[in-house]
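Coordinate inspection notes
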Amino acid sequence: MVIQALKDQGVDTVFGYPGGAVLPIYDELFQQNEIRHILVRHEQGAVHAAEGYARSTGKPGVVIVTSGPGATNAVTGLTDALLDSIPIVVFTGQVPTFLIGSDAFQEADTVGITRPCTKHNWLVKDPDRLSGTIHEAFHVATTGRPGPVLVDIPKDVQFASGAYQKPAPEKSYYKPQVKGDREAITELVAAMETAKKPVFYTGGGVINSGPAASMLLRELVDATGFPITSTLMGLGAYPASGKNWLGMLGMHGLYEANMAMHDCDLMINIGARFDDRITGRVDAFSPRSLKAHIDIDPSSINKVIHVDIPIVGDVAHVLEDILTIWKSRGRKTNAEGVARWQAKIAEWRKVDCLRYKPSTGTIKPQYALERLEALTRDRDRYITTEVGQHQMWAAQFLNFEDPNRWMTSGGLGTMGYGFPASIGVQIAHPEALVINVAGEASWLMNMQELGTAAQFRLPVKQFILNNERLGMVRQWQELLHGERYSHSWSESLPDFVKLADAFGAKGILCSDPKDLDDAIMEMLNHDGPVVFDCLVEKHENCFPMIPSGKAHNEMLLGEADTQGVIDSTGAALV
Amino acid sequence: MSPLHIKKGATSHSAYNLRSTFSDVEERHTLAVLVENEPGVLARVIGLFSGRGYNIESLTVAEVDHTGHRSRITIVTTGTPQVIEQIKAQLGRIVTVHEVHDLTVEGRTVERELAMMKVNGQGDKRVEALRIAEIFRANVVDSTLSSFVFEITGAPDKIDAFADLMRPLGLAEMARTGVAALLRGD
Ligand SMILES: Cc1cc2nc3c(=O)[nH]c(=O)nc-3n(C[C@H](O)[C@H](O)[C@H](O)COP(=O)(O)OP(=O)(O)OC[C@H]3O[C@@H](n4cnc5c(N)ncnc54)[C@H](O)[C@@H]3O)c2cc1C
Ligand SMILES: Cc1ncc(C[n+]2csc(CCOP(=O)(O)OP(=O)(O)O)c2C)c(N)n1
């Protein structure tokens, strides 16, 4: 019945790991060919792979794991998907209903454990409600603000035969509001007509809303000529080559983007959530602007920053209405004001905040990414990342022209996300080039998935910027803990080339900038999984940077005096 | 009118009134939350309050519509206007929550709570306890030669006042139900 429900939901792939409590489902899987099962090497990997699959396709990712340890291993992935609003549906096996509560073998209170890390979850005790619950789970995961859901199915319910129901999303009582309030939208359009220093601040909500939202966003930005910045989660919604593109904003965002946010007179937040990596010091955040916020989740609005024009609705729906109303009122903008604003921004751009000291002897991580960008730009390319400095450099130095091409763990910042996510992406896009930009420490956290990549012949490229340090941690220790580098080394690292070899994958080592292009080409030309060990400068810091507890216009741009920049309240905000 | 005597559609006008004023003053609000009566729904609501650090002054829950599977949770909470707005929005996000009503802003409410108090004492104190109970319209639901159990219904502050008076007279034990509340009028 579970498999029938998945088929009716259009599921073609599940990521999973079997065990006693899901054997009946696995038995059903065995006897059919429509749904492909990808056997991961750890349940956390299954959930991240499903996230990668979901984020790169817009479809929900599906996971099946067993009870007890299978379920608890999935918790990090669920929390990750919750914070980044990724639609995934996780099925867990459970001990039979008559044993629940008896500390039975591999029993865990899965719905209890996962209640705070799912959008919703269900324990199905009645076989007649199984199929209906599964359909509802897909509906909830993908409707409104997307998120992870979990269905816990006791083994006796898996064995039982109950009445099957077809999907009927219209019957669900879960119906979030998608149309924005017209009055508020008109108020925003009026503000857009007069603003002298407007800026679009866009986020993951544009990606969540679907490709139509990105198209409408492009139309609106290009028609108004307003500058646009995006969060880490929204990269690609507006093309990096677009002329109004400011680059990413926030803690490691671009100088021009943060200055524009600080000085603007109209901020139009589209599907972003005023995360603390964005706002910095809340009371100094863009002090003189009128703020509008479009978000499908009413709880995102006024959570952190007070906004003047709240609009609850889906990005695509609201953008469509904005465009219609703006056009019907005569496509007005304060052209003169906006031109002066663009000139000011051009000055900020001249600061060239991403510049770094080049080196002929060692590979600078920024240089490695510049070369990767140059050599892969024109390909059908998807990028995933791990978490740390390399993630920020990837966001700064790689350019994204389309949505759903960039998969990263933003909200939870889960080291170990990128490798399994790249597997999920490659499964969904077998012909595409999928690269995981990694740090060596993060990559080791889920390196067992090399087995999965090898088994399914997935040509994922693991581009490891190996600084032999927990670089991001080391950077913070340098800046605010008096250069006391407490346990932030990667000791006893494996020989990555041999490691790859041991799994039947290809390993490449590169340590000289002169060899880099050839080595990258070798990686790209190999039809199979590659582990690329790129030995980079060990003590490079990631700039620009807004130190914790500081305002947007107090950015650090380079190695200049970084001592004592963060006071003790800021240190607590890390 | 829904069978639950809550104005239909009131949610969008009040509970999600997004233009909150950002003030530091703590307010006390009574929320009525209509939920799907299914296992775990109370845990979701309580988990939300503990997980996000909100206050619960009182919480009551019971099924109010058996055929429609609806329960009504009445929560008395305190917080700044911004926090109260967040609480309502967060409650509204829970998939099994159907409606969130902020009775404090939707109109005048009647709030009632039931309490039982055991008062031990003899002689004058015992007579005095009974006399005060009469003034407060508390009923005697159990009595021995040296104790009474009073049952009292009323707004929470009336119950507080009664408890304060009973304390010197031998209040030994108390059980309170927490607040139930409805909007006045139709
Ligand atoms: C080491 C590290 C450093 C970081 N540094 C930065 C940094 O410098 N800059 C940066 O930007 N981020 C940074 N991040 C990421 C940051 O932590 C947040 O994850 C990110 O900023 C949140 O992005 P967002 O606001 O777009 O929200 P998301 O988490 O993507 O949330 C999306 C929002 O859109 C809404 N939404 C969803 N669907 C829709 C829809 N259909 N219609 C309307 N609204 C919708 C949701 O309700 C939500 O409010 C960093 C992360 C790490 C790990
Ligand atoms: C699971 C997990 N544990 C700890 C952290 C804290 N943390 C953030 S970045 C980082 C260092 C990452 O090192 P590496 O993967 O080598 O990347 P680099 O910063 O060197 O590029 C750590 C330990 C985290 N984000 N996730």
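Just so you know, these numbers come straight off a predicted model, no measurement behind them. (Residues numbered from 1 in each chain as written. Chains lettered and ligands numbered in written order. Predicted model: local features only at pLDDT ≥ 70, side-chain atom pairs only at ≥ 80, totals over all residues. Heavy atoms only, no water.)

1. Description of the sheet that holds strand E9 (residues 245-248) of chain A
Residue and element names in this part refer to chain A. An order of E9-E8-E7-E10-E11-E12 is seen for the six strands of this open sheet, with the pairing classed as parallel. For this open sheet the edge positions go to E9 and strand E12 (309-312), each flanked by a neighbour on one side alone. Along the sheet, successive strands turn relative to each other by an average axial angle of 15 degrees, direction set aside. Two elements, strand E8 (residues 228-230) and E9, share two bridges in a ladder whose sense is parallel. When the sheet's bridge partners are listed, Ile228 is paired in E9 with Trp245. In the packing of helix H9 (residues 182-194) onto the sheet, the strands contacted are strand E10 (266-270), strand E11 (290-295) and E12, and the crossing angle to E12 comes to about 135 degrees. (Pairing = 2+ DSSP bridges. Helix = DSSP H or I, 4+ residues; strand = E, 2+ residues; numbered from the N terminus. Axes fitted to C-alpha atoms, helices over the stretch in contact; angles between N-to-C directions. Contact = heavy atoms within 4.5 Å.)

2. Details of the site of ligand 2
Residues and elements named next belong to chain A. In the region of ligand 2, 17 residues are neighbours, and Gln389, His390, Gly413, Ser442 and Gly471 sit closest. Between ligand 2 and Gln389, the relevant distance is 2.9 Å, taken from an oxygen atom to a main-chain nitrogen or oxygen of the residue. In the environment of ligand 2, an oxygen atom lies 2.9 Å from a nitrogen or oxygen atom belonging to the side chain of Asn467. For ligand 2, whose accessible area on its own is 590 Å², the fraction buried by protein is 77%. Of all the secondary-structure elements, those providing two or more residues to the shell around ligand 2 are helix H17 (389-397), helix H19 (440-445) and helix H21 (471-480). (Near = heavy atom within 4 Å. Polar contact = N/O pair within 3.5 Å; in protein donor to acceptor, adjacent residues only side chain to side chain. Areas by Shrake-Rupley, 256 points an atom, 1.4 Å probe, with all protein chains shown as cover.)

3. Here's the deal with the environment of Gly439 of chain A
All names here are of chain A. Counting through the fold element by element, Gly439 comes out in strand E15 (residues 433-439). C-alpha of Gly439 to C-alpha of Gly77: the two residues are 362 residues apart in sequence and 19 Å apart in space. Excluding residues that lie within four positions of it along the chain, Gly439 makes contacts with Glu386, His390, Ile464 and Leu465.

4. Digging into the domain arrangement of chain A
Residue and element names in this part refer to chain A. If you check the domain split of chain A, you get domain 1 (2-171), domain 2 (182-349) and domain 3 (365-535). With centres defined by C-alpha atoms, the gap from domain 1 to domain 2 works out at 37 Å. Each partner contributes to the interface: domain 1 provides seven residues, whereas domain 2 provides eight residues. Carbon and sulfur atoms make up 46% of the surface buried where domain 1 meets domain 2, a total of about 670 Å² over both sides. Of all residues in domain 1, Arg55, Asp84 and Arg145 give up the largest surface area on contact with domain 2, accounting jointly for 71% of the area buried on that side. The interface formed by domain 1 and domain 2 contains one salt bridge. Across the pair Asp297 and Arg145 runs a salt bridge whose closest N-O atoms are separated by 3.0 Å. Linking domain 1 with domain 2 are four residue pairs in polar contact (both at pLDDT 80 or more), by the criterion used here. Here the side of domain 1 that touches domain 2 is built from residues that sort into two nonpolar, two polar and three charged. (Domains from an automatic or database assignment. Buried area = accessible area lost by both parts, 1.4 Å probe. Salt bridge = Lys/Arg side-chain N within 4 Å of Asp/Glu carboxyl O. Nonpolar A, V, L, I, M, F, W, Y, C, P; charged D, E, K, R; others polar.)

5. Here we look at the site of ligand 1
Residues and elements named next belong to chain A. Taken together, the neighbourhood of ligand 1 is formed by 38 residues, with Gly204, Thr231, Arg273, Asp295 and Asp314 sitting nearest. With respect to ligand 1, the backbone of His252 contributes an N or O atom lying 2.7 Å from an oxygen atom. In this structure, an oxygen atom belonging to ligand 1 sits 3.2 Å away from a main-chain N or O atom of Gly271. When isolated, ligand 1 has an accessible area of 990 Å², and the protein chains bury 96% of it. For the shell around ligand 1, the element with the most residues is helix H10 (residues 204-209), which contributes four residues. Of the residues assigned to the shell around ligand 1, the class counts are 14 nonpolar, 17 polar and seven charged.

6. Regarding the domain arrangement of chain B
Residue and element names in this part refer to chain B. Along its sequence, chain B is carved into domain 1 (27-106) and domain 2 (110-182). The C-alpha-based centres of domain 1 and domain 2 are spaced at 29 Å. Taken together, the nine residues of domain 1 in the interface contact eight residues of domain 2. Summed over both partners, the interface of domain 1 with domain 2 comes to about 550 Å²; 51% of that surface belongs to carbon and sulfur atoms. Counting across the domain 1 and domain 2 interface gives zero salt bridges. Of all the secondary structure elements, the ones that give two or more residues to the side of domain 1 that touches domain 2 are strand E1 (27-36), strand E2 (58-65) and strand E3 (70-79).

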